[in-house]
Each structure stands twice: as structure tokens, then as C-alpha cells.
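Descriptive analysis of the structure
One letter stands for each residue in the lines below.
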Amino acid sequence: MQFRQQALAKLQSPEELDLPVRLARPRGWLVLSVTLVATAAACVWAVTGSVASTVTAQAVLTHGQGSYVLQSPVSGQVTAVLAEEGGRLAAGTPVLEVRTASGTTTPVRAVAAGRITTLAAALGQIVSPGTDVAAVEKAAHASDPLYATVYVPAQNAAAVPAGAPVDLTVSSAPAERYGVLRGRVASVDRSAQSAQQIGAFLGDARLGGQLAGKGRPVAVRVRLDTAPGTPSGYRWSSADGPPFRLESMTLATASIRLADQRPVDWLLP
């Protein structure tokens, strides 16, 4: 009760009625000014700035035209294997010979020029029509450039722009020692691919299932940056990269920079 009377007496005191009202201390004005400047800067950045993001996906190094699976056209026994895994052959070159039940010998020939990546048939093996006997990569010359085919989840593919920079961690060249392989997006497929379609392009059904995962990814073709002065012939984040040439069908992990997004697009609902 005593404190209440003192407060009322102070308010009724006429000598304090003409004192100026203090709205804020100088320190408060400083905090308010800094807050207003920061808010204005954030608004300007939200309208004019951009946010960069990346997507990481599995990739494989191949020649541009992919591979095909060579199949036996007849039933019989393999009597001769005329090519070896890793060897190059011209279109129409016999890969093996099959002797049928009637005693005739039928050659199984390469459909297109390329390099044998897998030789599935062995001498003495019994085959039937449609049996896979070899996988051939379509590359007429050893100097044909390699590409990286990246299998990006379908929900991210629309944001991948042509020419976007790509960093590839190659399985045969540890990144902590040789750095990452550089490239740029050359093209993006318009439709998602099944494991069967990927396997047909690579000539390896098992690898097709591995790259497809549990969904239907979109194939992004990446052109590798060349650097004739390096042992591999391609540009790396390190000075020289690995001291060897890259082989096709080598697996890699790709990091693709997506199209820049304006912050206001995802700040606002």
C-alpha cells in the first residue's frame, strides 16, 4: 500500500510533468538500425540472388554409341573362339563358330565394329538360338572419345541444364590422390529408362539393374574435358590426374550442378 501511494504521489508531482519522454536509448537505436539494414539486404538477395545446388548420381564411362549383345543364331556346340576379350574387330568379323546337329559350321559375326567387353561363350559350350555369347562396345577406333553417362533420378532431371559442370569421382582413380574428372552436360534424355533399357545400351543386364536402382532414372550424357598433356587425355582437378588411360565401362560417381534457383522461389510457399 505504501508503494502505491508513493507512485501516485510521484505522478501528481507538477515538477515532473514537463520532462521530455525518452523513446529509446542510443544503444537501442543502433540495434534497430542494424536490424533494418540486415532485413533490407536479405530482401534484395531474395529477389536478385541465386542458390546453387547439386545432384549426385551413379555414372559409367562409355563410348558414345553404347554397346550391343551378340547372340547365337543357331543351336549347337562352340567349336572355335576366334576373338578375345578386349580385342577390337570390324563389322562382320567372325567371333566364334558353332557346329549344328546337322554337322554344318555357322560363324557368329560382329554386327558392328567395336571392342569386345565381355566374351561369354567358351570352347565346347552348347548354345541355343538367342544365347548371349559376347558384349561388344560400338567404338571403331581406340582414339574415339569417352563419355560419361550419368543416371539421374527422374525428379531431378528437369533441373539439369545443358553445359552444366560435372565432377566425376572415378572408381579406378581415387579422388583423394588424383582429384576428380571434369566434364560438362552434353544432353539430357527426355524419358526415364528401365533397367532393361540401360542394360541393352551398356551390353550388361546386371549393370543395368545396378544403375537403375529401384526407379527409372534419366540418362544424362556428359562430354569429358580433354587435356592432351595428361596421361589419361582428360582434365582433372589435380595437375595431371592418374598416370594411366581410362577404360570404358568404368564406374564413377557424378556430381552435377543444377540450374541456379532464385531464393524467393523456395522461401515463399
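Along the backbone of the protein chain there are seven helices and 14 strands. Looking at the protein chain as a whole, 34% of its 269 residues qualify as buried. The contacts in the protein chain between residues at least 6 apart in sequence include a share of 72% that link residues at least 24 apart. Carbon and sulfur atoms form 56% of the exposed surface of the protein chain, whose accessible area is close to 16000 Å².

Our focus in this paragraph is the side chain of Asp225. Considering the arrangement of structural elements, one finds Asp225 in the loop between β13 (218-224) and β14 (250-257). In contact with Asp225, not counting residues within four places along its chain, are Arg182, Gly183, Arg184, Tyr234 and Arg235.

With that settled, consider unusual backbone geometry. Backbone geometry follows two general trends: most residues other than glycine have a negative phi, and most peptide bonds adopt the trans configuration. Not every positive phi belongs to a glycine, and Met249 is a case in point at roughly 70°. Within the fold, Met249 resides in the loop between β13 and β14.

So, on to the pattern of salt bridges. If you walk through the whole model with that rule in mind, you get four salt bridges. The partner of Asp167 in a salt bridge is Arg182, and the shortest N-O contact between them spans 2.6 Å. One end of the pair, Asp167, is in strand β11 (residues 165-170); the other, Arg182, is in strand β12 (residues 181-188), with 15 residues separating them in the sequence.

Turning next to the sheet that holds β11. Taken together, the six strands give a closed barrel; going around it, the order is β1-β10-β13-β12-β11-β14, and neighbouring strands pair in antiparallel fashion. When the angles between neighbouring strand axes are averaged without regard to direction, this sheet yields 40°. With six bridges connecting them, strand β1 (residues 54-63) and strand β10 (residues 146-152) associate as antiparallel partners. Each bridged residue has a counterpart across the sheet, and for Thr62 the counterpart in β10 is Tyr147. Against the sheet, helix α5 (residues 195-202) makes contact with β1 and β10, and its axis sits at roughly 175° relative to β10, the strand it touches most. Across the face of the sheet, helix α6 (residues 205-212) comes into contact with β1, β10 and β14 while running at roughly 165° to β1.

Our focus in this paragraph is the sheet that holds strand β7 (residues 114-119). Neighbouring strands of a sheet are bound in pairs by backbone hydrogen bonds; such pairs are parallel or else antiparallel. Judged by pairing direction, the sheet is antiparallel, and its four strands sit side by side in the order β2-β9-β7-β4 without closing on themselves. Only two strands of the sheet have a single neighbouring strand rather than two, namely β2 (67-71) and β4 (88-89). In this sheet, β7 lies alongside β4 in antiparallel orientation, the contact comprising two bridges. If you follow Leu89 over to β7, its bridge partner there is Gly114.

Once that is clear, we can look at the nonpolar core. By size, the foremost hydrophobic cluster in this structure holds 27 residues, and its most contacted members are Val150, Leu168 and Ile256. Not counting chain neighbours up to four residues away, the residues in contact with Leu168 comprise Ala59, Ala148, Val180, Leu181, Leu224, Ala252, Thr253 and Ala254.

Mapping Thr149 onto the fold places it in strand β10. Residues in contact with Thr149, not counting those within four places in the same chain, are Gln58, Ala59, Val60, Thr62, Phe201, Ala219 and Val220.

Reading the values: the criteria
Residues numbered from 1 in each chain as written. Predicted model: local features only at pLDDT ≥ 70, side-chain atom pairs only at ≥ 80, totals over all residues. Heavy atoms only, no water. Helix = DSSP H or I, 4+ residues; strand = E, 2+ residues; numbered from the N terminus. Buried < 20%, exposed > 50% of the residue type's maximum accessible area, 1.4 Å probe, protein only. Contact = heavy atoms within 4.5 Å. Areas by Shrake-Rupley, 256 points an atom, 1.4 Å probe, with all protein chains shown as cover. Salt bridge = Lys/Arg side-chain N within 4 Å of Asp/Glu carboxyl O. Pairing = 2+ DSSP bridges. Axes fitted to C-alpha atoms, helices over the stretch in contact; angles between N-to-C directions. Core = buried A, V, L, I, M, F, W, Y, C linked by side-chain atoms within 4.5 Å.

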